[in-house]
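Structure assessment
So the chains spell out like this:
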Amino acid sequence: MRITTHKGLILTAGLLTLWLISAISLLALDLQHVPWWAIVVGVLVRTQLQTGLFIVGHDAMHRVLWPERPERNDQLGAAVVFLYAALPYGACRENHRHHHRFAATARDPDFPSEPHSGLVGWYAQFMGGYLTVRQMGGLLGTWALLAVIFHGCTPTAATNVLVFCTAPLLLSSLQLFVFGTYLPHRRQRNPARQSHPDSLDWPAWLSFLACFHFGYHREHHDNPGLAWFELPGARPGPEPLTAT
């Protein structure tokens, strides 16, 4: 097993552990006795962990999560995108392949069909490409089941599910869209710039907090075989000084 694979699997295990622990502990809280700022922190932590699930699934779609074991790679990928939003792994992987192969064209499922659509219109189309009636039914059923299960622990169980499951998923989808799709690809609507997405020129710590380095998008398109945590290393260094 490569060092990169080993590191990626350890990070994935840690992410899944934190996601599960945070879900159980936050859903069991009685929100009547929790200060508002702690609730906000909980939502933000859950949002970041939720986004991390999709980023791991995205690595799996590129077969870089566990490249030595393709079947295990796809099994892990299917598990994390299901936990993320009951997404079907096969369809997501096929869509993402089209995104890379036909970026910024009419065949790109993540690109707006209306050239002048703003952030809201683009986001609505983006979400419509991934949400299905069956998926929404699965999510609603899961959230209802969680509310029933945790009702014995706290009188605010239904609110907890909305606050710590529904809200983080919605915020995560917006996070992934803004930093991984809209900002990197928005200028490709100009025909003169269709060949390459942009990258957000942010330091690595901010790039991680923003969206697990999904904003280093040109580096990802140029090097799709790199894991998410390798993308900062693919960033170009400063221009060398030349004598004049």
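Each remark here, short or long, concerns the structure printed above.
What you see is a predicted model, and the numbers here were worked out from it, not measured in a lab.

Right, let's get into the overall build of the chain. A count of helices and strands for the chain gives 9 helices and 0 strands. Secondary structure of the chain in N-to-C order comes out as α-α-α-α-α-α-α-α-α. For a compact globule of 244 residues, the expected C-alpha radius of gyration is about 18 Å, and the chain comes in at 19 Å, within 12% of that figure. Here the C-alpha coordinates of the chain stretch approximately 70 × 40 × 40 Å along the principal axes. Taken over 244 residues, the chain has a buried fraction of 44%. Put simply, 64% of the contacts in the chain that link residues at least 6 apart link residues at least 24 apart. Positive and negative side-chain charges in the chain, numbering 17 and 15 respectively, have mean positions lying 3 Å apart.

For the coordinates displayed, the defined rule picks out 0 disulfides. Cysteine Cys153 shares no disulfide, and the gap to the nearest cysteine sulfur, in Cys165, comes to 13 Å.

Counting through the fold element by element, Thr154 comes out in the loop between helix H6 (133-150) and helix H7 (157-185). On the accessibility criterion, Thr154 (2% relative accessible area) is buried. At 3.0 Å, the side chain of Thr154 forms a polar contact with the side chain of Thr156. Sequence-distant contacts of Thr154, that is, excluding residues within four places in its chain, are made with Leu27, Ala28, Leu29, Asp30 and Asn160.

Even without glycine at this site, Arg63 takes up a positive phi of about 55°. Structurally, the position occupied by Arg63 is in the loop between helix H2 (36-61) and helix H3 (70-85). Positive phi, normally seen in glycine, also occurs at His213, with a value near 70°. Mapped onto the fold, His213 is located in the loop between helix H8 (204-211) and helix H9 (217-222).

Turning to the packing of aromatic side chains, a few remarks are in order. The tally for this structure, following the rule as stated, stands at 13 aromatic pairs. On the basis of an interplanar angle of 55° and a centroid distance of 5.4 Å, the ring pair of Phe126 and Tyr130 is categorised as tilted. The two residues Phe126 and Tyr130 agree in class, both being buried. By way of ring pairs, the aromatic residues Phe111, Trp122, Tyr123, Phe126, Tyr130, Phe177 and Tyr182 are connected into one cluster. Over the aromatic face of Trp66 sits the side chain of Arg69, whose NZ or CZ is 5.8 Å from the ring centroid. Of note, Arg107 hangs over the ring of Phe102, and the distance from its end group to the ring centre comes to 4.0 Å.

The next thing to look at is the environment of Gln32. Structurally, the position occupied by Gln32 is in the loop between helix H1 (3-27) and H2. With 124 residues separating them in the primary sequence, Gln32 and Thr156 have C-alpha atoms 7.6 Å apart.

How each quantity is defined
- Residue positions within a chain follow its written sequence, with the count starting from 1.
- pLDDT decides what is reported in this predicted model: residues at 70 or higher carry local features, side-chain atom pairs at 80 or more are listed and counted, and totals for whole chains, interfaces and linings draw on all residues regardless.
- As a convention, hydrogens and water are excluded, and side-chain values are obtained from all of the structure's heavy atoms.
- We count a stretch as a helix when DSSP gives it H or I for four or more residues in a row; a strand needs E for two or more, and each element gets its number in order from the N terminus.
- Here the globule rule reads 2.2 Å times residues to the power 0.38, and the radius of gyration is calculated from C-alpha atoms.
- Working definition: with a 1.4 Å probe on protein chains only, accessible area under 20% of the residue-type maximum means buried, over 50% means exposed, and in between means partly exposed.
- Should any heavy atoms of two residues lie within 4.5 Å, those residues are counted as being in contact.
- Charge convention: Lys and Arg are scored as positive, Asp and Glu as negative, and His as well as the terminal groups of each chain are ignored.
- To locate a charge, take atom NZ for lysine, CZ for arginine, CG for aspartate or CD for glutamate.
- Any two cysteine sulfur atoms within 2.5 Å of one another count as a disulfide.
- Any pair of nitrogen or oxygen atoms within 3.5 Å is treated as a polar contact; in protein, a donor-acceptor pairing is required on top of that, and neighbouring residues in sequence qualify only through side-chain atoms on both sides.
- A pair of Phe, Tyr and Trp rings is counted when the ring centres sit within 6.5 Å of each other, with Trp represented by its six-membered ring. The angle between the planes then sorts it: under 30 degrees is stacked, over 60 is edge-to-face, the rest tilted.
- By definition, being over a ring means that NZ of Lys or CZ of Arg is both within 6 Å of the ring centre and within 35 degrees of the ring normal.

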